[in-house]
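Reading the structure
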Amino acid sequence: WDVIRSWTLHIDNVIPAKEEELKKLGKTFEDKVATEEGEEGEGGANYAPSPNMSLRGIIRERRQWALRRARRREGPNEENQLMLGSERSVLKLLLDLCRVKEWDVVRYACMALAVAAYHESNNGIMGKTKHCVETVVKLCRNVDEEIQTQAAATLANLGYANQRNQELIGASGGVESLVDLCRGVDVDVIESASAALANIVTLHTGNAVRLAECGGIDVLTHLITSNQIVNLLDFDQVSEIQANCAECLANCTRNYGKANAARIHDLGVAPLVLMCGSHNLQVQRHSALVLGNISQDEDQREVIGVRGGVEALMRLCEISDEAVQANSLWALSNLAWHPLNQERIGRYLGEILELCKSAFLPVMVNALCCLANSLYFHDKNRERLGEIEGGVKLVVDMCGDEYGEEVWENALRAVVSLTYVDEVGAKLGKEGLIRVLVKRCESKVGIIQKFAGMALLNLSIHDALKIRILQEGGVEALAGMQNSENKEARQVALDVLEALADIRSVDELADQKAAFGVKGMLDLVQTDNDLIVKLACESLAEEVWSGGEAKQNEVIELGGAQILMKVMCKKDVKDDILNPSLWSLRNLVHGHVENKGVFGGLGGVEGLIKIISETYRMRKMALVESGLTALVNLVVDHEKNCRMLLKEGLDVLIGIAEGYEQEQQDAGDSSLINAERKEGMKNNAALATSLLQLVGPYNYLVCSNCGKQQLSGTSCEACGRSISFAVDGS
C-alpha cells in the first residue's frame, strides 16, 4: 500500500513538474540524452588520483576506474538479441548444444542464452520454450564454473519481472541449485547466482519459502557479513554480491511465514542487525527493509531490540541517502509496537522530530509513523516530547491544511496519544487544536476521520472544551461522518456526540449554581437524576473547598451533613456519585472541629467504615482511598471520633494496612498484580497505617466512677470499680 501511494504521488506531482520543465526545453521523456566522452567514468576521460593516496591505492583505484569505464562502453547487439529470441529454431539449437559433451560448446551456447534472455522481449518467449528453464537449471549443476556463471546469469535474466518464469525456475529446483552455487568460492559464480536469487523471489512467495527451507537465508547473510569473498581484480564485484544478497533477503522476508521464522530463529537476528553496519549503500537500504519485515512478527520485535536493532537503524538514519532514511524509519515504526523498543526509541525523539521536517515525503511520513507508534500508551515518551522545544507544536502543525492526507494520518495518531493525557489535551484544546480536528473530520478518508474523532473524544472529557467543539462546528462534522465508509469512524463520531450531549446538564447545573448557591446544590443532590446528583456533589465539594470555613458552616446549617450521609449510605449507590460525595464530606470536616462532631453524631465514622470495608472487598481502590481520606479528616484531633473508630473499625484498618504485603506474598510474582491496583493498595495501606497511628493515643479504658484512664485491666487502679471502653471517654 505504501508503494502504491508513493507511486501515485509521484505520478500526480513529480512527473507533471518534470514534463513542464522538459516542455520549456522542447524535449520529452522519450528523448535520449547524449553522453559526452568526458562524463564517462569517475573523473572523466582521464583518471585523476587524490593527492593523499598511496601508490598501492592509486593502482587499485585506477584499475577500478578503467573497469567501470569499460562497462559503460560495453553492451549487447540489440538486433542480434531479438533475432535469437524470435527464431524458435535458434533457441532449440542452442538448447540442444547445451546438452552435448564438449564443455566449450556448452559454455558458449549457455553464454548465448544468457545474452538473449537479457532483452526483456526475449525472456517471456524463452520461458515458454519447451525444456528451456529445466535445461538451464540443470546446467547450474555442471562442474565447469564458467558454465555455472552463465547458467545463473540466464536464470537471473529469465526471472527478472516475469512471474511465470519465476514459477518455472522454482518448480524445476532452480532455487536450491542457485543456493548451492552461492556456497561455492568462485566470485563470478556467486555474483550471477545471487543476482538470480534476488530476481526470482521478487514477485514469488513460493520461491521465498523454498529459499528459506533450503538454508538460503543463512548463506546470503554470511555473504553480506563475511570478508572471505573478494576479487582482487575487481573490488566492485563484492559490493554487487552484497547488494544482490541484501535485496534477496528483503524480498524473501517480505512475506514472513513459518519457514522464514524457523530459519531466522536458528540463525538469530544478530547477523541481520550487523548488516546495518555495511558501507554498501544497497545493503544499507535493504538491511533496514529486512529488519522491518522481520519485526512484523511480535516475538522478533523484542529480540531485535535486545540485539541493538534500534540503535543500528538510528545510525542508518544519520546517512544522507533518503531511501535509507525512509526504510530505516519504517523498520523503527514496526519495532515501536513493543514497549521496550518504545523506550529505546524514546532516547532519539529529537532526531526523529528533525526527520519529520524532511522534504522527502516518505521520510516525513515514516518518521511521523515512528513517532506516533512510540507515543502509543507510553507516558514517558509523551513527557519527553513535551520537554523538546516545539515538539508538540510541530506534531499539531502537521495536522494542518498545508500538509496532505499521507501526513495527516500519522500526525493525528500522535495527537490522539497526546490528548489522552488530560493536562496536555486541555492545553492543546485551548490553543486551536479543535478547529484543526473538526476540519480533519470533514475529510473523505475514513482513517483520517477516525483518528480526528478519537482526538475529539479525548478532549470531550473537559467540559469547557465541549463548548469549544460545538462552537467550531463539531456537531455538523461528526454528523457528516455517519456517511463514512469506515465503520470505526462512524462509531467514534457517535461516541463523541454522546459525550457532547452532556453539555446541557452541565449548563443547567452551572446556571442553578449561580442562581441558588449552596442551597441549590443541596437541592440538586436530592434529585433522582444520577448525572445531576454526581455533578452537584462535585460542585459542592469544589464550593466548600474554595469557600473556606464560611461555606463549611453554611452547608451544615442547611442540613448538608444529613443529605450527604443519606447519599453515601444509600443502598447500591453508584461509584461516580459515591466518590464526589466522599470528597464533599472530607472538605466539610477539614480543619473544622464542630463539623467533625456533627458527622460523628450522625454515624459518620461507622458509615465510612462500612463503605471502606465494602469497597475494599470489591477491590475498588480509588473509592477506598477517597473513604480513607475522608476518615482521616473526620477523626484527626477529635477524641470521640477516634475512639469510635477504635471500637468499630480497628479490624478493617489492620486488614487494609497488611493487605498490600499479604497480596504480594500470595501472588508470588508481583508482576501478576495489576499495576494500577498494586499502586492503589500501596497508597491505601499507607493511609490505613496513618489512621492506626492517629487513634493509638486514644486506646485506653475509663473508670465510670472516678474517671481515671488506664491502658489495661478490668478494675480501676484508683477506686477498684470495674472499668470499660467508653466512646465518649466518661
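A quick note: this is a predicted structure, and the numbers were derived from the prediction, not measured. Counting restarts for each chain, with residues numbered from 1 along the sequence as it is written. In view of the model being predicted, local features appear only for residues whose pLDDT reaches at least 70, and side-chain atom pairs are presented and counted only at 80 or more, with totals across whole chains, interfaces and linings using the full set of residues. As a rule here, side-chain values come from all non-hydrogen atoms in the structure, and water together with hydrogens is ignored.

**Overview of the overall build of the chain**
Only DSSP runs of H or I reaching four residues or more are called helices, and only runs of E reaching two or more are called strands; each is numbered from the N terminus. Along the chain, the regular secondary structure elements total 41 helices and three strands. Considering the chain as a whole, with its 730 residues, one finds that 48% of them fall into the buried category. Shrake-Rupley sampling with a 1.4 Å probe provides the accessible areas, and residues are treated as covered by the protein chains on show and by no other component. Summed over its atoms, the accessible surface of the chain is roughly 37000 Å², and 51% of this surface lies on carbon and sulfur atoms. The buried label goes to any residue with under 20% of its type's maximum accessible area, the exposed label to any with over 50%, and the partly exposed label to all in between, with areas taken from a 1.4 Å probe on protein chains only.

**What about the packing of helix 8 (residues 145-159) against helix 9 (residues 163-171)?**
Working convention: axes come from line fits to C-alpha atoms, limited for helices to the stretch in contact. Angles between N-to-C directions cover 0 to 180 degrees. Relative to each other, helix 8 and helix 9 sit at 140°, their axes nearing to 8 Å. Viewed along their axes, helix 8 and helix 9 adopt a mutual orientation that is oblique. Counted together, Leu 155, Leu 158 and Gly 159 of helix 8 and Asn 165, Gln 166 and Ile 169 of helix 9 form the full contact between these two elements. Ten residue types, Ala, Val, Leu, Ile, Met, Phe, Trp, Tyr, Cys and Pro, are classed as nonpolar, four, Asp, Glu, Lys and Arg, as charged, and the remainder, Gly among them, as polar. Here the contact of helix 8 with helix 9 is built from residues that sort into three nonpolar, three polar and no charged. Working rule for angles: under 35 degrees goes down as roughly parallel, over 145 as roughly antiparallel, 65 to 115 as roughly perpendicular, anything else as oblique. Contacts: residue pairs with any heavy atoms within 4.5 Å of one another.

**Structural notes on the confidence of the model for the chain**
Chain-level pLDDT for the chain is 83 on average; 83% of the residues reach the 70-or-more range. Note on scores: pLDDT gives the predictor's confidence for each residue, bounded by 0 and 100. Taken as a whole, residues 35-43 scores under 50 in pLDDT and shows 13 contacts with residues more than four places along the chain or in a different chain.

**Points about the pattern of salt bridges**
In what follows, salt bridge is the name for a side-chain nitrogen of Lys or Arg lying within 4 Å of a carboxyl oxygen of Asp or Glu. Summed over the entire model, instances satisfying the criterion amount to 22 salt bridges. Between Arg 99 and Asp 96 there is a salt bridge, and its shortest N-O distance comes to 2.8 Å. Its relative accessible area of 45% is what places Arg 99 among the partly exposed residues. With a closest N to O distance of 2.9 Å, Glu 311 and Arg 347 form a salt bridge.

**Regarding the packing of aromatic side chains**
The pairing test for Phe, Tyr and Trp rings, Trp by its six-membered ring, is centres within 6.5 Å, and the orientation test on the planes gives stacked under 30 degrees, edge-to-face over 60, and tilted for anything in between. Within the structure shown, the criterion is met by three aromatic pairs. An angle of 65° between the planes, with centres 5.6 Å apart, marks the rings of Phe 377 and Tyr 420 as edge-to-face. Taken together, the residues span a long stretch of sequence, with Phe 377 in the loop between helix 23 (361-375) and helix 24 (379-387) and Tyr 420 in the loop between helix 26 (405-419) and helix 27 (422-430) at a distance of 43 residues. Judged by its relative accessible area of 52%, Phe 377 falls in the exposed class. A connected cluster of aromatic rings, assembled from ring pairs, spans Trp 337, Tyr 376, Phe 377 and Tyr 420.

**A short note on the nonpolar core**
Take the buried residues of types Ala, Val, Leu, Ile, Met, Phe, Trp, Tyr and Cys, join any two whose side-chain atoms come within 4.5 Å, and each joined set is a nonpolar core. If you look at the biggest cluster of nonpolar residues, it comprises 135 residues, and the most contacted ones within it are Leu 178, Leu 197, Leu 211, Leu 313, Leu 332, Leu 371 and Leu 385. When near neighbours in sequence (up to four residues on either side) are disregarded, Leu 197 contacts Val 175, Leu 178, Val 179, Cys 182, Leu 211, Leu 220 and Cys 248. Residues Leu 540, Val 555, Ile 611 and Tyr 616 belong to the second largest nonpolar core, which totals 53 residues.

**Points about helix 22 (residues 349-356)**
Along helix 22, the residues classified as buried are Leu 349, Ile 352, Leu 353, Leu 355 and Cys 356. Taken down its axis, helix 22 places every buried residue within 160° of arc, on the same side. In this description, the arc belongs to the directions extending from the helix axis to the C-beta atoms.

**Details of helix 27**
Along helix 27, the residues classified as buried are Gly 425, Ala 426, Leu 428 and Gly 429. A positive phi of about 100° marks Gly 432, the residue just after helix 27.

**Some words on a nonpolar patch on the surface**
Patch members must show over 30% relative accessible area and no salt bridge, and they are joined within 9 Å when carrying like charges or within 5 Å when they are nonpolar side chains of Val, Leu, Ile, Met, Phe, Trp or Tyr. A contiguous nonpolar surface patch, about 480 Å² in accessible area, is contributed by Trp 337, Tyr 376, Phe 377 and Tyr 420. Mapped onto the secondary structure, Trp 337 falls in the loop between helix 20 (322-335) and helix 21 (339-346).

**A closer look at the environment of Glu 648**
Checked against the element boundaries, Glu 648 lands in helix 40 (residues 639-667). On the accessibility criterion, Glu 648 (41% relative accessible area) is partly exposed. Setting aside its immediate chain neighbours within four residues, Glu 648 contacts Glu 606 and Ile 609.

**Describing the side chain of Ser 374**
Examined against the element boundaries, Ser 374 turns out to sit in helix 23. We classify Ser 374 as buried; its relative accessible area is 0%. Excluding its chain neighbours within four sequence positions, the residues that come into contact with Ser 374 are Ala 336, Gln 342, Ile 345, Leu 349 and Asn 381.

**Regarding the environment of Ser 278**
If you trace the backbone, Ser 278 turns up in the loop between helix 16 (270-274) and helix 17 (281-294). Overall, the relative accessible area of 13% leaves Ser 278 in the buried class. Taking the C-alpha atoms as reference, Ser 278 lies 8.0 Å from Thr 225; in sequence the two are 53 residues apart. If sequence neighbours within four positions are ignored, Ser 278 has contacts with Gln 242, Val 283 and Gln 284.

**Brief notes about the packing of helix 35 (residues 560-568) against helix 36 (residues 575-589)**
Helix-helix packing: each pair is described by the crossing angle between the helix axes and the interaxial distance. In contact at an axis separation of 9 Å, helix 35 and helix 36 are set at 150° when each is read in the N-to-C sense. When the axis of helix 35 is compared with that of helix 36, the two are roughly antiparallel. Crossing handedness for the pair helix 35 and helix 36: left-handed. Taking contact as the criterion, the partners of Leu 564, Met 565, Val 567 and Met 568 in helix 35 are, on helix 36, Ile 577, Leu 578, Ser 581, Leu 582, Ser 584, Leu 585 and Leu 588. Each crossing gets its handedness from the near helix: less than a right angle anticlockwise from the far helix is left-handed, clockwise is right-handed.

**Overview of the environment of Leu 582**
Take Leu 582: it is sitting in helix 36. With 45 residues separating them in the primary sequence, Leu 582 and Cys 537 have C-alpha atoms 8.9 Å apart. Not counting residues within four places of it along the chain, the set of residues in contact with Leu 582 comprises Met 568, Leu 608, Ile 611, Leu 623, Ser 626, Gly 627 and Ala 630.

**As for unusual backbone geometry**
A positive phi angle, close to 55°, is found at Ala 161, a residue other than glycine. Mapped onto the elements of the fold, Ala 161 is located in the loop between helix 8 and helix 9. Look at Ala 161 and you get exposed, because its relative accessible area is 58%. Although it is not a glycine, Asp 572 sits at a positive phi angle of roughly 60°. Within the secondary structure, Asp 572 sits in the loop between helix 35 and helix 36.

**What about the state of the cysteines?**
Any pair of cysteine sulfurs within 2.5 Å is marked as a disulfide. Here the structure, examined in full by the defined rule, presents zero disulfides. You can see Cys 98 has no disulfide; the closest cysteine sulfur is in Cys 110, sitting 5.4 Å from it. Since its relative accessible area comes to 5%, Cys 98 is described here as buried. Left without a disulfide partner, Cys 276 is nearest to the cysteine sulfur of Cys 317, which lies 9.9 Å away.

**Some points on the side chain of Asn 207**
You can see Asn 207 is positioned in helix 12 (residues 205-213). A polar side-chain atom of Asn 207 sits 2.6 Å from a polar atom in the side chain of Arg 210. Setting aside anything within four residues of it in sequence, one finds Asn 207 in contact with Gln 166, Gly 170, Val 175, Ile 200 and Val 201. Pairing of N or O atoms within 3.5 Å defines a polar contact, subject to two protein rules: one partner must be a possible hydrogen donor and the other a possible acceptor, and residues neighboring in sequence count only if both atoms are side-chain atoms.

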